[in-house]
Amino acid sequence: MTIGLTHFLVLAAFLFVCGLMTILLKRNAIGILMGVELVLNAANVNLVAFNYYQHPGSAAHPLLTGQIFAIFIIVLAAAEAAVALAIFLSFYNSFSTIDVERANEMREQG
Amino acid sequence: MNLPLAISETATATAVLFYALALMCAGSAVVVVVSRNIVRTAVALMFSLVGVAGLYFLLNAEFLAAVQLVVYAGGTLILMIFGVMLTSRSPTSRFEPSKSEVVVAVSIGVVLMVSLTAALLHWTRRNPPQSAPLTGEHPYAVAELGKALLGDYLVPFELASVLLLSVMIGAAYLAKGRRDLP
Amino acid sequence: MPTPALLLLIATLLPLASFLLLTFVGKRMGEPLAGYVGTFLSGGSMVLSLAALAMWLNASPGADYGAGIGPIVQTFAWLPAGLSATTSGSLEVGIYIDSLTIALFSTITLVATLVHFFSVGYMADDERFARFFTYLGLFCFCMLALIIAGTLVQMFVFWELVGLCSYLLIGFWYERKSASNAAIKAFIMNRIGDAGFLIGFGILFYHLGNATLPQIWVSLGRAGMLTSGEGLVLAGGTTFSYASLTAMGLCLFLGAVGKSAQVPLHTWLADAMEGPSPVSALIHSATMVAAGVYFVARLFPVLTIDVKFVIAIVGVTTLTIGALVAVVQTDIKRVLAYSTMSQLGYMMLAIGVGSWVGALFHLVTHAFFKSMLFLSAGSVIHATHHEQDMRRLGGLYKRLPITALTFGVGVLAIAGTPLLGGYYSKSMILTHAAAFGLTAEAAGRSSGYWLLFILPAVMAYVTAFYMARCWMLTFAGRPRDQKIHEEAEESWVMYTPLLALMVMTVMPSRYIGVEDLVTRSVKEAQRHCESIAGGQPYRGFTTMWPVTPPTEAKSLTAGDVNSMPDIEPPAVTATVGVIEQATRIEHRWAFWAFAIGILLAAAMYLRGFAIADGLMRIAPLRWFHTVLLRAFFIDELYNALFARTTRAASTIIGLFDQYVVDGVVNAVAFVTKQLATLAGITDRYVVDGVVTTTAAFAQDIGAAVRTPQTGRIRVYVTALVLVSVLAVAVTVFVMMF
């Protein structure tokens, strides 16, 4: 039995769905951030798999576009995590919790 | 519809590896969803990320796999665990979602999974893959990656470095904490 | 990399090191130390520049670089990106070093070091002492990098950065409203010029890509010999038309107009005197404002005849306005500011009439004596506790003898006293302007061209007069304010740099060899261009107008005295005749300018303002005085033209709003009110029941709609995801079946 593109895509779809559900279910802000990371990873798997199966280039000149994109996504994910955690810390300093349900200061009163 | 990953003798080994890694990823991802303990969630996420790194190895993206391990599993996740420790009086504190939320989220997940899978299968049946993946050795894949990053993708590369700098400053500023707050 | 280039690069980077060091630990270093660190690093830069100068002058004849032999041109690939139709590969940065570069490096680092040292005394007890030196370091780095730049991209980057430093330093005492306004004014005026620079650069870039200076010179070297209607055919086969060449030259010149405070954009320079005096000495006299002249000089070969004509006109206008306005100012620094403007006008005029060497020679001599004048003024201001108004000074030579001496030497130098630096450069510019007039006459042009000689020559008298007036009012006569007079003292930190600059001013520049260096710079550039172009003689720096090119007999005129004496142009004898004639004219009409101007001022202001006040009683003179005092009302004009019109437009719009729109609204409101009263009566009895029901219904809807607006992020996310997932699901199933 050989492994094809579809296998990777299905796995990525599953990871994506898990990430989405994590975002929906967690009330801990950091938990939500973890869900986002799962979603990004699913996208990365897709990019690399497409690169490998659909656009590999030739042996002399391999195409690496998918991998490059994945690298940039990893960089951006790290940056995003840093800023998000800084925001959470700031939030925690003000409200002594990181339950996102409590982050509703700007709702309509009453 | 499928094409061999490498030479045919190792195809079975590859398949076994893939399924093992896929199981690891998917299983940990499920734990991430259902676990109520944030520390356990983080550990499960780590396994999931490591599994993805293994998948990159299968896809001949060794450098990316290393980056995944170093930056994600080693850096980002540790950062998150620090965040957990800094923001929680008791690291095991829980906030349970309500029953209705669980129902909504699960139904969304099922619908999305079913439709994505259906679309995928439908698409692969219509468009079987055109080109074969590269087989054989890529002794200088990392070198090619480096050339691409410092060649065609130089401007995004530099932009990413500027972004990282501004994120560093911004995060330090945000997390500094204002002492004049009550 | 050749050693002089390496030395100059390190000399460029040392002020950057000073900037970085002081940024991070300047405050901790504290009051005198931060200043001495800045001075030390700047001094290191000076030593390296002088070492490079020595190596340059002693280059062996066999070398491929050195004084009179050739420039150092090096480029480095920076970003791999193909950027234009004619070039591909990468965006390059580079350095271009010739005698001019080295001469300016030595000048700038010398002045900068002395200014740093002076500032240790001048800025003592300032609360932002360390920051001042931080900015100075950044400025020196940018200025040196601008001088050494080998491509226009680099020039533009550092051009903007020196503008930024200028802004920061003018507004250094930003607590004073006038200072922060002056900084903003300078910044905006420079922005207008820089927009021109950017457009001109765009035109150049479109045709040539990011070319280095020699590449630009070679490709466009014949620009100065074109007549309108012709075009230059470039290497790629494209044509660079005369019109776009002229447009490019004018736009690039506009950048220099802003930076060098030339006439339409000159108003910022006088206001820039709000900055500390050392800043005025370094930035607004010696270096940054001269960068405009340097820039135009570097682009000289690509300027067309029309552009040069515009440059000459602008230069003459500037020097005239500056000199006239300086006559009546009473603020000691404003006199110097207008004098700077006037001298920059002389340099621009020199470039316009083709006296390349004259312009840059004057740039260097002017840098020395004008920074000395500004530092002397700073010494006076510091000694009198920030009194800049000459109406309250006077008689200070007893209290500040050394400052009086250095300021006096500066006055003599700027007035053009023989044997001092300023004399040679000024007479060279005037001679070339006269030669220009002669050739124009010979070519049958209108005698109006003589104005380009007459006005500068007359203004030479005026220059001597106003500078001597400034000295008389500050240092001579009886003190007009006893308290200021008694408290005034000078200190060694302040006058040591003054004495050093005085030595540089007194030593006749002819024997130091500035002129020689600048002349050799032309030769080096020519040699280099010839070697690129494959041995064809290169005339870019020596082409002249109004003589019609390109036939060789006519193209050789005053400009040729700038060029090398060893390569004899064919028709040089005729040219020498013109130059001799011009020299005679210059000597007859302008030689005694210094003596006449100074004596007149000495006689007039010997008793303070007595005679001047007497003259003021004559009405036409009084009116003229007012016009000059307000600098020809140009600020008021700009205010009326731009600020007022904007304000008037907004007032009109406001009135429209108030009367028309509000009127309509009020009328509608009135009618509505009447109707409502009418309807109200009906309402109260008939519709009320219905309305109450409807209102209750609406309220219920509102409440229902408001419920999901909980401020709970997860609810929002869930809704968002739900809708998107449903959309995906529907799409997929529609697609499949």
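Scroll up a little and you will see the structure.
Cut-off values and rules
- Residues numbered from 1 in each chain as written.
- Chains lettered and ligands numbered in written order.
- Predicted model: local features only at pLDDT ≥ 70, side-chain atom pairs only at ≥ 80, totals over all residues.
- Helix = DSSP H or I, 4+ residues; strand = E, 2+ residues; numbered from the N terminus.
- Contact = placed C-beta atoms within 7 Å.
- Buried ≥ 20, exposed ≤ 12 C-beta atoms within 10 Å, placed from the backbone.
- Axes fitted to C-alpha atoms, helices over the stretch in contact; angles between N-to-C directions.
- Parallel < 35°, antiparallel > 145°, perpendicular 65-115°, else oblique.
- Left-handed = near helix turned anticlockwise from the far one by under 90°.
- Nonpolar A, V, L, I, M, F, W, Y, C, P; charged D, E, K, R; others polar.
- Core = buried A, V, L, I, M, F, W, Y, C linked by C-beta atoms within 7 Å.

Observations concerning the overall build of chain A
Then step 1. Of the regular secondary structure elements, chain A holds three helices and zero strands.
Then step 2. Walking chain A from its N terminus toward its C terminus, one meets helices and strands in the order α-α-α.
Then step 3. Sequence-distant contacts, at least 24 apart, represent 45% of the contacts inside chain A between residues at least 6 apart.

Describing the overall build of chain B
Then step 1. Assigned secondary structure in chain B consists of six helices and zero strands.
Then step 2. Put simply, chain B runs from its N terminus to its C terminus through helices and strands in the order α-α-α-α-α-α.
Then step 3. In chain B, which comprises 182 residues, the proportion classed as buried is 26%.

Remarks on the environment of L375 of chain C
All names here are of chain C.
Then step 1. With respect to the helices and strands, L375 occurs in helix α14 (residues 356–383).
Then step 2. In this structure, the C-alpha to C-alpha distance between L375 and T406, residues 31 residues apart in sequence, is 9.4 Å.
Then step 3. Apart from the residues within four sequence positions on either side, L375 is in contact with F118, S277, P278, A281, P497, L498 and L501.

Comments concerning the packing of helix α15 (residues 401–415) of chain C against helix α19 (residues 492–506) of chain C
Residue and element names in this part refer to chain C.
Then step 1. Closest axis-to-axis distance for the α15/α19 pair is 10 Å, and the angle between their directions is 30°. Considering the angle they form, α15 stands roughly parallel to α19. Note that α15 runs across α19; the crossing there is left-handed. Counted together, I402, T403, T406, V409, G410 and A413 of α15 and Y495, L498, L499, M502, T505 and V506 of α19 form the full contact between these two elements.
Then step 2. In the contact of α15 with α19, the residues fall into eight nonpolar, four polar and no charged.

Describing the interface of chain B and chain A
Then step 1. Listed per partner, the contact involves 77 residues of chain B and 63 residues of chain A.
Then step 2. Secondary-structure elements contributing two or more residues to the side of chain B that touches chain A are α1 (11–34), α2 (38–58), α3 (62–87), α4 (99–126), α5 (141–150) and α6 (154–175) of chain B.
Then step 3. Among the elements that make up the side of chain B that touches chain A, the one with the highest residue count is α3 of chain B (13 residues).
Then step 4. When the residues that make up the side of chain B that touches chain A are grouped by side-chain class, the tally is 57 nonpolar, 18 polar and two charged.

Brief notes about the nonpolar core
Then step 1. Residues F139, L146, V293, L349 and I351 of chain C are the most contacted members of the largest nonpolar core, which totals 227 residues.
Then step 2. Excluding its chain neighbours within four sequence positions, the residues that come into contact with L349 of chain C are A312, G315, V316, L319, I429, A433, L452 and P456 of chain C.
Then step 3. Among the nonpolar cores identified, the runner-up in size contains 80 residues, and V100 of chain A together with A42, A61 and Y153 of chain B belong to it.

Details of the environment of T318 of chain C
Residue and element names in this part refer to chain C.
Then step 1. Inspection of the secondary structure assignment puts T318 in helix α12 (residues 305–328).
Then step 2. Taking the number of C-beta atoms within 10 Å as the measure of exposure, T318 has 26 and is therefore buried.
Then step 3. The contacts of T318, once residues within four sequence positions are left out, are Q262, V263, H266, M341, S342, L344, G345 and M348.

Observations concerning unusual backbone geometry
Residues and elements named next belong to chain C.
Then step 1. Even without being glycine, H386 reaches a positive phi, approximately 60°.
Then step 2. Inspection of the secondary structure puts H386 in the loop between α14 and α15.
Then step 3. The backbone of F633 shows a phi angle near 60°, a positive value even though the residue is not glycine.
Then step 4. Relative to the elements of secondary structure, F633 occurs in the loop between α26 (619–629) and α27 (634–685).
Then step 5. You can call F633 partly exposed: it has 13 C-beta atoms within 10 Å.

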